[in-house]
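Results of the structural survey
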Amino acid sequence: MKKKFFLIMLILFITGCSKEPKQLSYDKIEGLPLNEQVDSIIKNTDLIEQYEIVIDESSVAIVYPAEYISDSRLTLDNSKESFPNVAMTFVEHLEILNLDEIVITSYEPSDTEMTGLTKVSAFFTKETIDGLDFEKWKEEKKDYPHRFYRYSDGYLIRGTVWDKLDEETQEVIGNASKNAVNSDSQFWEYYGDYVE
């Protein structure tokens, strides 16, 4: 009897921990200002606690500190906290807002008055988001989290972070950055690189 109970509890724990965040219905945020819509969506994912939202017309940046995760796990891991998982989840959930650009940036916070340093950032345009197969990503992310970088329009892995990655990780990602092809987005150039 104890073994069955333990097995049931273990299964419930594993399935409960591996659940994807449920998408927030647009009906619940319709009519709110864009910053409140974005904030509601990010809170609903329950992936990060601290973050800032930057909005410029229909471009949105989500900037959050990555304090309690190693650079290698942040950059390429299949865990809930990894940048590929956090960023792709945000993009999927923000899709309902029909934004032109989304930038997700994780950074190393500073104890001084200086700004934090970007660790990893990614850029997605509306056209790319419309073409993403999020169900396919959910199937791939456990074994192929590096594909996240291919799906983005642009990404940056700060040199100090890139240099700490082992050769195998660097090889599967390919490069420390990818320029957004056919894009002259100043929004991406700024919020993908700087943290104020």
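Here, the structure is the one placed above.
It should be emphasised that the depicted structure is a prediction, and the values quoted were computed from it without experimental measurement.

**Some words on the overall build of the chain**
Looking only at helices and strands, the chain has ten helices and six strands in total. In the chain, 63% of the contacts between residues at least 6 apart in sequence involve partners at least 24 apart. On the chain, roughly 11800 Å² of surface is accessible, and the fraction owed to carbon and sulfur atoms is 49%.

**A closer look at a negative patch on the surface**
A surface patch of negative charge is lined by Asp56, Glu57, Asp100 and Glu127. With respect to the helices and strands, Asp100 occurs in the loop between helix H4 (83–94) and strand E3 (101–108).

**Brief notes about the pairing of strand E5 (residues 154–157)**
Consecutive side chains of a regular strand alternate in pointing toward one face of the sheet and then the other. Covered by surrounding structure in E5 are Gly154 and Leu156 together with Tyr155 and Ile157, the residues of both alternating faces. Sheet topology note: the strand E4 (residues 117–125)/E5 ladder contains four bridges and is antiparallel. What sits directly across from Val120, in E5, is Ile157. Pairing analysis gives two bridges linking E5 to strand E6 (residues 177–178), with the strands arranged antiparallel. What sits directly across from Tyr155, in E6, is Lys178.

**Remarks on the environment of Lys142**
Among the secondary structure elements, Lys142 is positioned in the loop between helix H6 (134–140) and helix H7 (147–151). Since its relative accessible area comes to 59%, Lys142 is described here as exposed. Sequence separation between Lys142 and Asp77 is 65 residues, and the spatial gap between their C-alpha atoms is 8.1 Å.

**Details of helix H2 (residues 34–45)**
Counted at 1.5 Å a residue, the expected span for H2 with its twelve residues is 16 Å, and the 17 Å between its end C-alpha atoms agrees. Restricting attention to buried positions, one finds in H2 the residues Gln37, Val38, Ile41, Ile42 and Thr45. All buried residues of H2 fall inside an arc of 125° around its axis, so they share one side. Contacts made by the buried residues of H2 are with strand E1 (52–56), strand E2 (59–65) and H4. Positive backbone phi, approximately 55°, marks Asp46, located one or two places after H2.

**A look at the packing of H2 against H4**
As a packed pair, H2 and H4 sit with axes 10 Å apart at the nearest point and diverge in direction by 130°. Overall, the two elements H2 and H4 adopt an arrangement that is oblique. Note on packing geometry: the crossing formed by H2 with H4 is right-handed. Each of Val38, Ile41, Ile42, Asn44 and Thr45 in H2 lies in contact with H4, whose residues at this interface are Thr89, Phe90, His93 and Leu94. Grouping the amino acids of the contact of H2 with H4 by side-chain chemistry returns five nonpolar, four polar and no charged.

The rules behind the values
- Residues numbered from 1 in each chain as written.
- Predicted model: local features only at pLDDT ≥ 70, side-chain atom pairs only at ≥ 80, totals over all residues.
- Heavy atoms only, no water.
- Helix = DSSP H or I, 4+ residues; strand = E, 2+ residues; numbered from the N terminus.
- Contact = heavy atoms within 4.5 Å.
- Areas by Shrake-Rupley, 256 points an atom, 1.4 Å probe, with all protein chains shown as cover.
- Patch = residues over 30% accessible without salt bridge, like charges linked within 9 Å, V, L, I, M, F, W, Y side chains within 5 Å.
- Salt bridge = Lys/Arg side-chain N within 4 Å of Asp/Glu carboxyl O.
- Lys, Arg positive; Asp, Glu negative; His and termini not counted.
- Charge placed at Lys NZ, Arg CZ, Asp CG, Glu CD.
- Buried < 20%, exposed > 50% of the residue type's maximum accessible area, 1.4 Å probe, protein only.
- Pairing = 2+ DSSP bridges.
- Expected span 1.5 Å × (residues − 1).
- Arc of directions from axis to C-beta.
- Axes fitted to C-alpha atoms, helices over the stretch in contact; angles between N-to-C directions.
- Parallel < 35°, antiparallel > 145°, perpendicular 65-115°, else oblique.
- Left-handed = near helix turned anticlockwise from the far one by under 90°.
- Nonpolar A, V, L, I, M, F, W, Y, C, P; charged D, E, K, R; others polar.

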